[in-house]
Amino acid sequence: MAKIFYLLKQNKVKNSKIFGKWFAHGKTVEVINTRKMATHIADHGSIYTPDVVFGVLEKFRSCLLEMLLNSKRVKIDGLGTFFTTIENEPGGAAKKEDFSPQKNLKALHIRFMPEQEAETNISSREFIKKAEFVNAESFAGSLVDEEPGNGGSTGGGGNPGGGGGISTD
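Residues numbered from 1 in each chain as written. Predicted model: local features only at pLDDT ≥ 70, side-chain atom pairs only at ≥ 80, totals over all residues. Heavy atoms only, no water.

1. A closer look at a nonpolar patch on the surface
Rules: Each patch groups residues whose relative accessible area exceeds 30% and which form no salt bridge, using 9 Å between like charges and 5 Å between nonpolar side chains of Val, Leu, Ile, Met, Phe, Trp and Tyr. Accessible areas in this description were obtained via Shrake-Rupley with a 1.4 Å probe; residue shielding takes into account the shown protein chains only. One speaks of a salt bridge when a side-chain nitrogen belonging to Lys or Arg is within 4 Å of a carboxyl oxygen belonging to Asp or Glu. A run of DSSP states H or I qualifies as a helix once it reaches four residues; a run of E qualifies as a strand once it reaches two. Both are numbered from the N-terminal end.
On the surface, a nonpolar cluster with roughly 440 Å² of combined accessible area is contributed by Ile47, Tyr48, Val52 and Val56. In this fold, Val56 is placed in helix 2 (residues 50-68).

Shown next, in the form of structure tokens:
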């Protein structure tokens, strides 16, 4: 079974309803870049060399961004759907004719919705059933903290419990 490492952290925000409570935060053991992922895929009995797989992954990345920037959703069967959401500046425009993207839009986010078909369901409720959780304090090796801006998150998630989730910001 897959191992998900975590560390326990206590909420120390004094005015929080959950002050003093403990929550798990995911810890990364390695960052896998595109080249390493291509080699991993090729090592799984693929007829393609790591260089060919790398080329396909790189082309997928650039085409994914192209499709998203053309207001399209990209559904990868068995994995999920990539799409964009718009974040507006707080307050909005007073009148419809006053709205301008340059002034009123804060960000364009890439989001991911996991596949939820029965046989390939990787939604949060099903994904958690496939993992074994290991307290990282008992792990003898070194753990890698999440890299800022790498497109992923293994902890935090912004929810009160501090549980992890897939974030594509």
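Resuming the write-up.
2. What to know about the pattern of salt bridges
A side chain with one charge may pair with a side chain of the opposite charge, provided their charged atoms come close. For clarity, the threshold we go by: Between buried and exposed lies partly exposed: a residue is buried under 20% and exposed over 50% of the maximum accessible area for its type, with that area taken using a 1.4 Å probe on protein chains only.
Counted according to the given criterion, the structure contains six salt bridges. Notably, a salt bridge pairs Arg35 with Asp51, separated by 3.0 Å at the nearest N-O pair. One end of the pair, Arg35, is in helix 1 (residues 34-43); the other, Asp51, is in helix 2, with 16 residues separating them in the sequence. On the accessibility criterion, Arg35 (38% relative accessible area) is partly exposed. According to the relative accessible area criterion, Asp51 is exposed, its value standing at 56%.

3. Section: helix 2
Filter applied, for reference: Under the convention used throughout, the expected extent of a helix is 1.5 Å for every residue step, that is, one less than its residue count. Contacts are assigned to residue pairs with any non-hydrogen atoms lying within 4.5 Å of each other.
Look at helix 2: 27 Å from first C-alpha to last across 19 residues, which is about the 27 Å you get at 1.5 Å a residue. The inward-facing, buried residues of helix 2 abut helix 1, strand 3 (74-76), strand 4 (80-88) and strand 5 (105-114).

4. Description of the environment of Gly26
Position of Gly26 relative to the elements: it lies in strand 2 (residues 22-27). By relative accessible area, Gly26 is classed as buried at 14%. In the structure, Gly26 is positioned 108 residues away from Val134 in sequence and 9.8 Å away in space, judged by C-alpha atoms.

5. Some words on the sheet that holds strand 3
The following threshold applies: Here, strands pair whenever DSSP counts at least two bridges between them. Only the stretch in contact is used when fitting a helix axis, every axis being a line fitted to C-alpha atoms; angles between N-to-C directions are given from 0 to 180 degrees.
Ordered by their spatial adjacency, three strands build an open sheet running 3-4-5, and the pairing between neighbours is antiparallel. Either end of the sheet is taken by a strand with one partner, and the two such strands are strand 3 and strand 5. Strand-to-strand twist in this sheet, taken as the mean axis angle between neighbours without regard to direction, amounts to 25 degrees. Together, strand 3, strand 4 and strand 5 form the strand contacts of helix 2, whose direction differs from that of strand 4 by roughly 50 degrees.

6. What to know about the confidence of the model for the protein
Cut-off, in case you're wondering: Looking at any residue, its pLDDT shows the predictor's confidence there, from 0 to 100.
The share of residues in the protein with pLDDT of 70 or more is 77%, and the mean pLDDT across the chain is 81. Predicted confidence in the protein is weakest over helix 4 (residues 124-127), with a mean pLDDT of 71, and strongest over helix 2, with 96. The low-confidence segment residues 147-169, where pLDDT is below 50, has 35 contacts with residues more than four positions distant or belonging to other chains.

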